[in-house]
Each structure stands twice: as C-alpha cells, then as structure tokens.
Amino acid sequence: MIVEDEKRYHDLYTLMLEGTDYEIIQAYDGDDAFKRLEEKLPDLIILDMMLDMVTGDTFFLYLKGMPEYADIPIIILSNSSRRDYKNLNKVDPNLVFLNKKITKERLIKEIRAKIG
C-alpha cells in the first residue's frame, strides 16, 4: 500500500514498482488508507509523514497499536528529518525511514528486505 498525498510522489513510487510482482493498493491520505485497510490487508505500507487530515506518525501509531495491523512492515518515505520522528523506532525497531529522493533500486531492495 502506498499512502502518499502528493500525486507526483505517489505516481513516482507506483512507476518504480511497475514490472514487479507487487500489487499496489493506492491511498492518498490517512482516511483513505484506513478505508483501504478494511478492504484488503497489505503486506507492506509505504508511508509519507506529511499527510492531509491524519498525519503519517498518527497513522503509524494507530497501526502499531492495533493487533490486526501491528505486524505490517512500514517504510516511511519523507522529506522530513528522521530526527523529528526518532521516537517511532521505539514503537517499531524495524521501521525503515528513507528520504523521498530514493532510487527505484533502493526502494525495491528495501521492500524485498521486508517482505521478499
């Protein structure tokens, strides 16, 4: 699942994952992502921190607090500083936090490291 409100980044990540075996679930804000979760449980979530309505960190904390979602791996792609969100690693030590200016190869490598 890609949770990203900026269309250019959403489209970029979708394009990067074309040609892979990964099915992409589209979500354009936190509320949309909550609805999509009810429809289908993703294997992994690519999450932006600066979302409309529900911020990425709030969405992250909600997921990690719910038993049915707590084990979903999350890759945060953000232009924000990792230091601003360092406490999120206390909730999930396996959290991956990357800059939005990621390469296709690095994104796929990180996804494969999480879910194969």
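> Could you clarify how one ought to interpret the confidence of the model for the protein in this entry?
Detailed conclusions should not be drawn from predicted coordinates in areas where pLDDT is low. For the protein, mean pLDDT is 89; residues scoring 70 or higher make up 96% of the total. Per-element averaging of pLDDT across the protein places helix α4 (residues 88-91) at the bottom with 80 and strand β1 (residues 2-3) at the top with 96.

> Looking at this model, I keep getting lost on the sheet that holds strand β2 (residues 26-27). Mind explaining?
Through backbone hydrogen bonds, the strands of a sheet pair up, either in parallel or in antiparallel fashion. One open sheet holds the five strands; their spatial order is β2-β1-β3-β4-β5, and the pairing between them is parallel. A strand with exactly one partner marks an edge of an open sheet, and here the two such strands are β2 and β5 (96-99). Sheet topology places strand β3 (residues 45-47) next to strand β4 (residues 74-78); three bridges connect them, and they run parallel. Note on β4: the bridge partner recorded for I45 is I74. Along the sheet face, helix α3 (residues 56-65) touches β1, β3 and β4 and points at about 150° away from the line of β3. Along the sheet, helix α5 (residues 104-115) contacts β3, β4 and β5; its crossing angle with β5, the most-contacted strand, is approximately 175°.

Conventions adopted
Residues numbered from 1 in each chain as written. Predicted model: local features only at pLDDT ≥ 70, side-chain atom pairs only at ≥ 80, totals over all residues. Heavy atoms only, no water. pLDDT = per-residue confidence, 0-100. Helix = DSSP H or I, 4+ residues; strand = E, 2+ residues; numbered from the N terminus. Pairing = 2+ DSSP bridges. Contact = heavy atoms within 4.5 Å. Axes fitted to C-alpha atoms, helices over the stretch in contact; angles between N-to-C directions.

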